[in-house]
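One letter stands for each residue in the lines below.
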Amino acid sequence: MSERRKPYPFDHFEPKWQRIWDERQPFHAPNPGERGFDPSRSKFYILDMYPYPSGTGLHVGHPEGYTATDIVARYKRMRGFNVLHPMGWDAFGLPAEQYAIKTGQHPAVTTRENVAKFKGQLKRIGFSYDWQREINTTDPRYFKWTQWIFLQLYKSWFNPETQKAEPISSYTGAEPDDVRLAYVADVPVNWCPELGTVLANEEVIDGKSEVGGFPVVRRPMRQWMLRITAFAERLIDELDGLEWPAGIKALQRNWIGRSVGAEVDFEVAPVSNLRGEADRKLETCATITVFTTRPDTLYGATYMVLAPEHPLVDRITTDVQRDAVRDYRAAIASKSDLERTDLAKDKSGVFTGAFAVNPVNEERIPIWVADYVLISYGTGAIMAVPAHDERDLEFARRFELPILDVVQPPSGDSIGFIGEGIAINSPIIEGLPTEAAKEKITTWLEERRVGQKSIHYKLRDWLFSRQRYWGEPFPIVWRSGKHEALPESELPVEPPQLEDFKPTGTGEPPLARARDWIRYSQGATRETNTMPQWAGSCWYYLRFCDSQNDARFVGEDTERYWMGGDKPGGVDLYVGGTEHAVLHLLYARFWHKVLFDLGYVSTPEPFQRLVNQGIILGEDGQKMSKSRGNVVNPDDVIDLYGADAFRCYEMFMGPLEQMKPWSMKGVEGVSRFLARVWRLIMIENQAGEWELNPALADIAPNKAQLKVVHATIKKVTEDIETLSFNTAISQMMVFVNAFTTSDVVPFAPMRTLLVLLNPFAPHLTSELWETLETRFGGARSAITDESWPAYDPQYLVEDEIEIILQVNGKVRDRMTVASGATDAELEGAALANERVQQLIAGKTVRKVVVVPKKLVNVVAN
RNA sequence: GCUCACGUGGCGGAAUGGCAGACGCGUACGGCUCAGGACCGUAUGGGGAAACCCGUGGAGGUUCGACUCCUCUCGUGAGCACCA
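Starting from 1, residues in each chain are numbered consecutively following that chain's sequence as written. Note on labels: chains are lettered from A, ligands numbered from 1, in written order. With pLDDT at 70 or above as the cut-off, local features in this predicted model cover only qualifying residues; side-chain atom pairs require 80 or more to be listed or tallied, and sums for whole chains, interfaces and linings still use all residues. In computing side-chain properties, one takes all heavy atoms of the structure into account and sets aside hydrogens as well as water.

**Student:** Which residues make up the overall build of chain A, and what are the values?
**Tutor:** Helix and strand definitions here come from DSSP, where helices need a minimum of 4 consecutive H or I residues and strands a minimum of 2 consecutive E residues; each element is numbered from the N-terminal end. Within chain A one finds 26 helices and 37 strands. Looking at chain A as a whole, 54% of its 861 residues are labelled buried. A separation of at least 24 residues holds for 71% of the contacts in chain A among residues at least 6 apart in sequence. What sets the accessible areas is the Shrake-Rupley method with a 1.4 Å probe; for residues, cover comes only from the shown protein chains. Counting only carbon and sulfur atoms, one obtains 50% of the accessible surface of chain A, whose full area is about 38100 Å². Residues counted as positive are Lys and Arg, residues counted as negative are Asp and Glu, and His and the chain ends are not counted. Every charge is mapped onto a representative atom, which is NZ of Lys, CZ of Arg, CG of Asp or CD of Glu. Counting 98 positive and 117 negative side-chain charges, chain A places the centres of these two groups 2 Å from one another. Exposure classes here rest on a 1.4 Å probe applied to the protein chains alone. A residue is buried below 20% of its type maximum, exposed above 50%, and partly exposed in between. Contacts were defined at the residue level, with two residues in contact if any of their heavy atoms lie within 4.5 Å.

Right, here's the structure in full:
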């Protein structure tokens, strides 16, 4: 098979320009204080979600967002911004560790190889990253500061008065360990036996591990936690000012799950006279607090339910019911999360024998235990209002409990109505609409000290420790059963060398095998858990500002310049996939707020504008996967069509945020376009060599050409600002189509085209620019030093414009008029039009709508 | 079940409430070629010989005018999922 003929010699000039960029470093952004820094230039920080360097290399999905940001970065540089556009590696993680377990090769080695592969692939696409700022989360110079930030969390607490993180020294209570933002707790965790580690809630999907899909069970363990719940309210409220997709904001709000309602105290009734147990009485009386978002339905509470794990269950259960309750709890405990949360299953539960007293009417209502109430949400106990809650209704019908309606719907049946209506059968709030009823009864409860307004969140504290080798060790030692922070001078804490990276299987981390490493001093041993993979990505965007700084996690002035600014500040544009909507993006915001409160960063939010790129599907319209065999490798595409065609096709496919299928035919089409650009300027001679097109001439473009030039400047500029790259490319195609037919090609418009196209196809335009500069003289500067062109509106106005003629809203004809025609002239001309005359003959003209420069609509009947 | 997003030619897609289908792919015909899976040109939503009619998932509505705004409905995709 003979080698496919290249439509233009990209295989020659693409590597050439990549080499030049490596040598000359035109994309290095100087920091304040650094040589070449120009304080008059505004900053623009444009960030990609850095990849995990897996063994399989890039697929075409990665470069989609990367190409979009690269176009904006190159464009913004030409607009005179000091552009921060960095790249790095999120390199801690399970695959490298599991590969190490299989082969014995140290994860650091695997990581180094994978990073080299990824970097080579990214360079082949011609991205304009400032590689001097490259970071790697597994580099001790990097994770030293990850550990340092952890120490700041450890040494802080959330002051509810100020609603801020503060140094632990401002805490005046007895036990600082109870309030630290990083704390140790014995908690029921998501234990994955297969992976040998615990997982965060966010990493568990349908009772299985997100990575690998292995079963996950509940198990109590001592773990490090981060108090993200303290920031729940700010994490919700401060979403408002961010330019993020509404869907991502909604996902975060939903994940944080704010519910406003009331806590209500129910006294447990003494159990004398119950089923002949005349002598039996509770030694102490108990109070059960429930949380409800519908305090207005308090009169409809006909029973109460405790979660099986609720601590009061044992105390209130009567002797008669004791065996039944014990059996039920045992049965529940043996179930997996998956089985417990199966919505399809019937409701189950058991009566405790005890009764609670409803504070509004002194009614005694039975207390049940059922697994449809979760210990982890609210107070782990509910008042059941079967008339107005689906789940309670199902349970009440199953166990024949009373159902009392207390909300009158606007229409229809009140039983089973869960919306807002008018309170009925509720003396204190009778006749009030739901909102007013809630307020009044809450006040009533507060006055009698049996309840209060309350807000609950679904968000749980962040389980921050993992039983893995390939992660950041904690800068913590244990002495006499108590944890203490290592001094900052001892950072970084590097992981020990190990032969065996396997999980121990007992829940003890692999680091526990390193006997010497663990012994920190006489009487003190190191923490053996490691941090989760998210740790490094919680602050990497800050490190990019100052990646070589060994004295501070980021220099103060540098942070203020890149992350501050007069506008909202932070990262100006952040592009990545939706898969990080509630994980990385929530964790990073949390860390950032802590650092902000402690005075280390200048903005309360890290990412001002967020854009999600859509998934690229295989040619078959299916999700790309090895098993389907529809994976497209960028290297193969670049071999055939070149990096510029690859970049342009990725952008031409459709809107950035949309899911769309790959098409090799489409790449070919874009490649043809780039070849036409090449042949506008170059021509192949008899010997098959490319030389300057003799049709190129230093002549003035005609009026039509000028119009297309300026229309293209306008369109491409606006489209890059709105990230509508597909239509920007369309317009440049229109430009090229307008010039390919001309016998003489004016030189100036070609220069403009090359600049406009440069962010999209940097190699081709650099090469052609160099050729033109050589031939037509000038300063022989690189195209990357050019300024972005401005359009002149005077070339866009037309002397004559075409006006659409409509009769009753349907297009019937068109006419050409002088662009300065008045509305009255347009109306007159339209009514005089022959077609219009025909169509309105015998009818009465009711109205004539004139849209200046666009159309005239004659309404007649 | 709930929340969100999206439904436009054979395909990817384009359209500040104002000519639906830009641009590209594909297809057809022609040119150039020893040749073409290269390149150049022309055509290309459907129906119809034509006048013309019909067309943006479906049904209503607002409007002189709706792919665009509103209501309902169907379908596809994503996320959440007993959160009281």
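More follows now that the structure is in view.
**Student:** Tell me what's going on with the nonpolar core, and back it up with residues and numbers.
**Tutor:** We define a nonpolar core as any set of buried Ala, Val, Leu, Ile, Met, Phe, Trp, Tyr and Cys residues linked to one another through side-chain atoms lying within 4.5 Å. Judged by nonpolar contacts, the single largest core of 176 residues is most densely connected at W462, W591, W662 and F760. The next biggest cluster of nonpolar side chains, apart from the first, holds 53 residues, and it includes Y328, F351, A423 and A437.

**Student:** Provide a residue-level description of the packing of helix α2 (residues 62–78) against helix α21 (residues 703–721), including the pertinent values.
**Tutor:** With axes taken as lines fitted to C-alpha atoms, and helix axes fitted only over the stretch in contact, angles between N-to-C directions fall between 0 and 180 degrees. With their axes 10 Å apart at the nearest point, α2 and α21 run at an angle of 120 degrees to one another. Taken together, the axes of α2 and α21 lie oblique to each other. The two elements α2 and α21 meet at a crossing, and its hand is left-handed. Contact residues: I71, V72, Y75 and K76 in α2; T717, I720 and E721 in α21. When residue character is reported, Ala, Val, Leu, Ile, Met, Phe, Trp, Tyr, Cys and Pro are called nonpolar, Asp, Glu, Lys and Arg charged, and the others, Gly included, polar. Classifying every residue of the contact of α2 with α21 by side-chain character gives 4 nonpolar, 1 polar and 2 charged. Working definition: roughly parallel below 35 degrees, roughly antiparallel above 145 degrees, roughly perpendicular at 65 to 115 degrees, and oblique for all remaining angles. The handedness criterion is simple: a crossing whose near helix is rotated anticlockwise from the far helix by less than a right angle is left-handed, and one whose near helix is rotated clockwise is right-handed.

**Student:** I'd like a rundown of a positive patch on the surface, residues and numbers included.
**Tutor:** Patches here are clusters of residues that have more than 30% relative accessible area and form no salt bridge, with a 9 Å joining cutoff for like charges and a 5 Å cutoff for nonpolar side chains (Val, Leu, Ile, Met, Phe, Trp, Tyr). Whenever Lys or Arg places a side-chain nitrogen within 4 Å of a carboxyl oxygen from Asp or Glu, that contact is recorded as a salt bridge. Together, K810, R812, R835 and K843 make up a positively charged patch on the protein surface. Relative to the assigned elements, R835 resides in helix α26 (residues 834–840). The exposure class assigned to R835 is partly exposed, which follows from its relative accessible area of 31%.

**Student:** Which residues make up the environment of I168, and what values go with them?
**Tutor:** Assignment of secondary structure puts I168 in the loop between β6 (164–167) and β7 (182–192). Taking the C-alpha atoms as reference, I168 lies 7.1 Å from R180; in sequence the two are 12 residues apart. Every residue in contact with I168, bar those within four places of it in the chain, is listed here: K155, S156, W157, P176, V179 and R180.

**Student:** Tell me about the pairing of β6, and please be specific about residues and values.
**Tutor:** Note on pairing: DSSP must find at least two bridges between two strands before they are called paired. Relative to β6, strand β5 (residues 156–159) runs antiparallel, the two sharing 4 bridges. Along β6, the bridge assignment pairs F158 with A165.

**Student:** Any details on the protein's contact with RNA strand B? Residues and values, ideally.
**Tutor:** The criterion for a residue being near a molecule or strand is simple. One of its heavy atoms has to lie within 4 Å of it. RNA strand B sits among 51 residues. The nearest are T293, R391, K458, Q658 and M733. For RNA strand B, the fraction of protein-proximal atoms (within 4 Å) that sit in sugar or phosphate groups is 62%. Nitrogen and oxygen atoms within 3.5 Å of one another constitute a polar contact, given that in protein one can donate a hydrogen and the other can accept it, and given that sequence-neighbouring residues count only through two side-chain atoms. Taking N254, its side chain carries an N or O atom lying 3.5 Å from a sugar or linking oxygen of RNA strand B. At 2.6 Å from a sugar or linking oxygen of RNA strand B is found a main-chain nitrogen or oxygen belonging to M653. Among the secondary structure elements, those contributing two or more residues to the surface near RNA strand B are α7 (246–256), β13 (287–292), α20 (664–681), α22 (725–740), β34 (800–807), β35 (810–818), β36 (845–851) and β37 (855–860). Take the surface near RNA strand B: its biggest share by element is 6 residues, from α22. Considering only residue class, the surface near RNA strand B consists of 20 nonpolar, 14 polar and 17 charged.

**Student:** Provide a residue-level description of the state of the cysteines, including the pertinent values.
**Tutor:** Cysteine sulfurs are considered disulfide-paired once they come within 2.5 Å of each other. Following the criterion strictly, the structure yields 0 disulfides and no others. No disulfide involves C538; its nearest neighbouring cysteine sulfur is the one of C545, lying 16 Å away. Taking relative accessible area as the criterion, C538 reaches 1% and is therefore assigned buried.

**Student:** Account for the sheet that holds strand β23 (residues 482–485), with residues named and values stated.
**Tutor:** With antiparallel pairing, the 4 strands of this open sheet are ordered in space as β23-β22-β25-β24. The sheet terminates laterally at β23 and β24 (519–521), the two strands that pair on one side only. In this sheet, neighbouring strand axes are inclined to one another by 40 degrees on average, regardless of whether the strands run parallel or antiparallel. Pairing geometry for β24 and strand β25 (residues 524–526), over 2 bridges, is antiparallel. The residue of β25 that forms the bridge with S521 is A524. Lying over the sheet, helix α5 (residues 140–154) contacts β22 (476–479) and β23, oriented at roughly 120 degrees with respect to β23.

**Student:** Can you lay out the pairing of β35 for me, pointing to particular residues and giving the numbers?
**Tutor:** Here β34 pairs with β35 via 8 bridges, running antiparallel. Along β35, the bridge assignment pairs I803 with M815. A loop of 2 residues connects β34 with β35, the two strands running antiparallel in sequence, and N808 in this loop sits at a positive phi of about 50 degrees.

**Student:** Help me get a handle on the sheet that holds strand β26 (residues 573–576), residues and values and all.
**Tutor:** A sheet is described by the order of its strands in space; here 4 strands give the open sequence β2-β1-β26-β27, paired in parallel fashion. Every interior strand has two partners, whereas the edge strands, β2 (82–84) and β27 (610–612), have only one. Strand-to-strand twist of the sheet, defined as the mean angle between neighbouring strand axes without regard to direction, takes the value 20 degrees. Inspection of the sheet shows strand β1 (residues 43–48) paired to β2 by 3 bridges, in the parallel sense. Bridged to K43 within β2 is N82. Packing of helix α16 (residues 556–563) onto the sheet brings it into contact with β1 and β2, and relative to β1 it is tilted by some 85 degrees.

**Student:** Before we move on, could you go through the pattern of salt bridges and cite the residues and values that matter?
**Tutor:** All chains considered together, the criterion is met by 40 salt bridges. Of the charged contacts, one joins R180 and D177 as a salt bridge, the two residues approaching to 2.8 Å between their closest N and O atoms. Judged on exposure class, the residue R180 and its partner D177 are both buried. Of the charged contacts in the structure, one is a salt bridge between R751 and E773, with a shortest N-O distance of 2.8 Å. Of this pair, R751 sits in helix α23 (residues 747–757) while E773 is found in helix α24 (residues 762–776), placing the two residues 22 residues apart along the sequence. Judged by relative accessible area, R751 falls into the partly exposed class, the value being 26%. Several salt bridges share partner residues, and in doing so they unite R234, E238, R589, K593, D597 and E605 into one network.

**Student:** Describe the side chain of D90, listing the residues and the values that go with them.
**Tutor:** Along the chain, D90 turns up in the loop between β3 (88–89) and α3 (94–103). Despite its burial, D90 pairs with no opposite charge; the closest candidate is R468, at 10 Å N-O. There is a polar contact of 3.2 Å between the side chain of D90 and the side chain of Y50. Residue contacts for D90: discarding those within four places in its chain leaves Y50, P51, Y52, P53, T137, Q533 and S537.

**Student:** So what's going on with the environment of P487? Residues and values would help.
**Tutor:** The topology assignment puts P487 in the loop between β23 and α13 (515–518). Counting along the chain gives 292 residues from P487 to L195, while the straight-line C-alpha distance between them is 32 Å.

**Student:** Describe unusual backbone geometry, with residues and values.
**Tutor:** Glycine aside, negative phi is the norm for most residues, and most peptide bonds take the trans geometry. Of the consecutive residues L491 and P492, the connecting peptide bond is found in the cis state with omega at -5 degrees. Along the chain, the position of P492 falls in the loop between β23 and α13. You will see that Q25, though not glycine, has its phi angle at about 50 degrees, which is positive. Topologically, Q25 is positioned in the loop between α1 (10–24) and β1. Residue class for Q25 comes out partly exposed when judged on its relative accessible area of 29%. Phi at L723 is positive, roughly 60 degrees, even though this residue is not glycine. If you trace the backbone, L723 turns up in the loop between α21 and α22.

**Student:** How would you sum up the packing of aromatic side chains? Please name residues and give values.
**Tutor:** Each pair of aromatic rings taken from Phe, Tyr and Trp, with Trp reduced to its six-membered ring, is defined by centres within 6.5 Å and is described as stacked if the planes are under 30 degrees apart, edge-to-face if over 60, and tilted in the remaining cases. In total, this model carries 55 aromatic pairs according to the counting rule given. Measuring from centroid to centroid gives 4.8 Å for Y469 and F501, while their planes differ by 55 degrees, and the two rings are tilted. Residue Y469 is located in the loop between β21 (462–463) and β22, and its partner F501 is located in the loop between β23 and α13; the two are separated by 32 residues in the primary sequence. The ring of F81 has K76 lying over it, and the distance from NZ or CZ to the ring centre is 4.7 Å. In this scheme, Lys NZ or Arg CZ marks a charge over a ring once it lies within 6 Å of the ring centre and within 35 degrees of the ring normal.

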